[in-house]
Amino acid sequence: MELAKKELGEHAVKMAARKVEPKGFLRKLFSQPVWEVTAAVDEPDVYERTVPRKPAQDNPGVHYTPTTNKPQELLFEENKSEKGANAIEQKLDNLKKLFEEQIREQGQGKSSEETKEKTEASANELPDKNIAFLRLIFRQLLDNEVEEQYANQIITEIEASLKKETDVSKILANIYQKIVLKLGQTKTLEVVNGKTKYIFFIGPTGVGKTTTIAKLAYSLMEQKKAKVALLAADTYRIAAVDQLRTYAEIMNIPLYVIYSETELAEYKEELEKYDVILVDTAGRSHRNKEQRDDIERLIHSVPATARETYLVLSATTKYRDLVKITEAYSEIAEYRLIFTKLDETGTIGNIFNIKMLTGAPLSYATNGQNVPDDISRMDPQNIARQLLGGGN
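### A closer look at the overall build of the protein
Within the protein one finds 14 helices and twelve strands. In the protein, buried positions account for 48% of the 392 residues. Sequence-distant contacts in the protein: of pairs separated by 6 or more residues, those separated by 24 or more amount to 75%. Carbon and sulfur atoms provide 47% of the accessible area of the protein, an area that totals close to 20700 Å².

Laid out in structure tokens, this is it:
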């Protein structure tokens, strides 16, 4: 791996390793076996929208690193370091300080005579402290692109339960808890020994389904020691099959290519020996009912007890488009939510918006194209902190 990182850059990861025995009788006597290590860095998918990139230092043209910052790192459960936690708490402290400064400015007035006269006339006319702070939180949520109706819902529910002049920290804690409860429990892939499960990935083109599947395949193999197979149903885009085949070869796992649900039935007996079958469906237009029907037939060819469906969405997609996409795919099957391209946006309000709109469980989020690193289970507590503390 040291040699690989020198050649490919520091972000190179081990994909596979195997022991190579010397061939031939004499060679076996006088030669030692060697280890063959497969390492890789994920190049951008030409079919996906990517952020501007620059060559890594001392390795031009080999490995590329996004030039944008990753403001959403705090979304991920694995980032609960002391430094990360302190950064979040600092943002919340800054929010409280901003509110307190506004209250002081309103109460004490500035240098202008007009403000001073109004303040001295009646201190009782100052805005209620609770309401002022709730308005600040409301604006904070809107800045993170939380839809106004959902921000209003949170503030209204909290306002009804508060007593006059409640401590600011308590108000903030109540809002934080409210957001966490609305986000609900994250649900991710589970491997059941002795039971084959089909995992279907659906969603529009260009959101990164194929790369996400590769990341999850590696994670299931390494962390859960699962027997994994890949199944490509995206035969409308030849490059998608080629890309999945490349990942399958690197990870040394089988890839099956099908063109319809009837072909899936032909492979079922052979696929029973695997724990998890990850199915890459075609990225179709959510407006085309015929194409959606094809995916629906494929999914429903597997019994409900043996399948899970994940809707893959890009965090960079406009909310109005996300609404149409989720509504269209809700006609196909119940799904869990995966959000990609968190590294390409500075706000995460759409995660909350779509959760509120669909009621579907949150699952994974990706924040880059490196396989297998840039994926993690979403954490509702960190999402809530991020919404309240700002994304910058």
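Picking up after the structure, the text goes on.
### Concerning the nonpolar core
With 65 residues, the main nonpolar core has Leu141, Ile175, Ile179, Leu337 and Phe339 as its most contacted residues. The element that contributes the greatest number of residues to this core is helix 7 (residues 168-183), accounting for eight residues. Beyond its immediate chain neighbours, meaning those up to four positions away, leucine 141 contacts Val146, Ala151, Ile154, Ile179, Leu387 and Leu388. Of all hydrophobic cores here, the second largest spans 28 residues; its members include Leu216, Leu230, Ala248 and Tyr310.

### Regarding the packing of helix 7 against helix 14 (residues 380-389)
Closest axis-to-axis distance for the helix 7/helix 14 pair is 9 Å, and the angle between their directions is 130 degrees. Classified by the interaxial angle, the pair formed by helix 7 and helix 14 is oblique. Helix 14 is crossed by helix 7, and the crossing has right-handed handedness. Residues Leu172, Ile175, Tyr176, Ile179, Val180 and Leu183 of helix 7 form the contact with helix 14, whose own contacting residues are Pro380, Gln381, Ile383, Ala384, Arg385, Leu387 and Leu388. Residue composition of the contact of helix 7 with helix 14, grouped by class: eleven nonpolar, one polar and one charged.

### Some words on the packing of helix 6 (residues 148-161) against helix 13 (residues 349-358)
Helix 13 packs onto helix 6 with a crossing angle of 80 degrees between their chain directions and a minimal axis gap of 10 Å. In terms of axis orientation, helix 6 runs roughly perpendicular to helix 13. Of helix 13, the residues touching helix 6 (which contributes Tyr150, Gln153 and Ile154) are Phe352, Asn353, Met356 and Leu357. Per-class residue counts for the contact of helix 6 with helix 13 are five nonpolar, two polar and no charged.

### Details of the sheet that holds strand 5 (residues 197-202)
Ordered in space as 7-6-8-5-9-10-11-12, the eight strands form an open sheet in which the pairing is mixed. In this open sheet, the two strands that pair with only one neighbour each are strand 7 (255-257) and strand 12 (375-377). Each strand of the sheet is rotated relative to its neighbour by a mean of 25 degrees, with strand direction disregarded. Across five bridges, the pairing between strand 6 (residues 228-232) and strand 8 (residues 276-280) is parallel. Note that in strand 8 the partner of alanine 232 across the bridge is aspartate 280. Here helix 13 sits on the sheet and contacts strand 9 (307-314), strand 10 (336-340) and strand 11 (362-366); the angle it forms with strand 10, its principal contact strand, is near 160 degrees.

### Comments concerning the side chain of aspartate 275
Here aspartate 275 is to be found in the loop between helix 10 (261-271) and strand 8. Although aspartate 275 lies buried, it forms no salt bridge, and the closest oppositely charged side chain, lysine 227, sits 6.7 Å away as judged by the N-O distance. Discounting residues that sit within four places of it in the chain, aspartate 275 has contacts with Val191, Gly194, Lys195, Thr196, Lys197, Ala226 and Lys227.

### Here's the deal with the pairing of strand 6
In terms of residue burial, strand 6 counts as a mostly covered element, since five of its five residues are buried. Going residue by residue along strand 6, you find Val228, Leu230 and Ala232 tucked away on one face and Ala229 and Leu231 tucked away on the opposite face as well. Two strands pair when backbone bridges link them, and strand 6 and strand 7 are joined in this way by three bridges, in the parallel orientation. Bridge pairing in strand 7 links leucine 231 to tyrosine 256.

Thresholds, definitions, all that
- Residues numbered from 1 in each chain as written.
- Predicted model: local features only at pLDDT ≥ 70, side-chain atom pairs only at ≥ 80, totals over all residues.
- Heavy atoms only, no water.
- Helix = DSSP H or I, 4+ residues; strand = E, 2+ residues; numbered from the N terminus.
- Buried < 20%, exposed > 50% of the residue type's maximum accessible area, 1.4 Å probe, protein only.
- Contact = heavy atoms within 4.5 Å.
- Areas by Shrake-Rupley, 256 points an atom, 1.4 Å probe, with all protein chains shown as cover.
- Core = buried A, V, L, I, M, F, W, Y, C linked by side-chain atoms within 4.5 Å.
- Axes fitted to C-alpha atoms, helices over the stretch in contact; angles between N-to-C directions.
- Parallel < 35°, antiparallel > 145°, perpendicular 65-115°, else oblique.
- Left-handed = near helix turned anticlockwise from the far one by under 90°.
- Nonpolar A, V, L, I, M, F, W, Y, C, P; charged D, E, K, R; others polar.
- Pairing = 2+ DSSP bridges.
- Lys, Arg positive; Asp, Glu negative; His and termini not counted.
- Salt bridge = Lys/Arg side-chain N within 4 Å of Asp/Glu carboxyl O.

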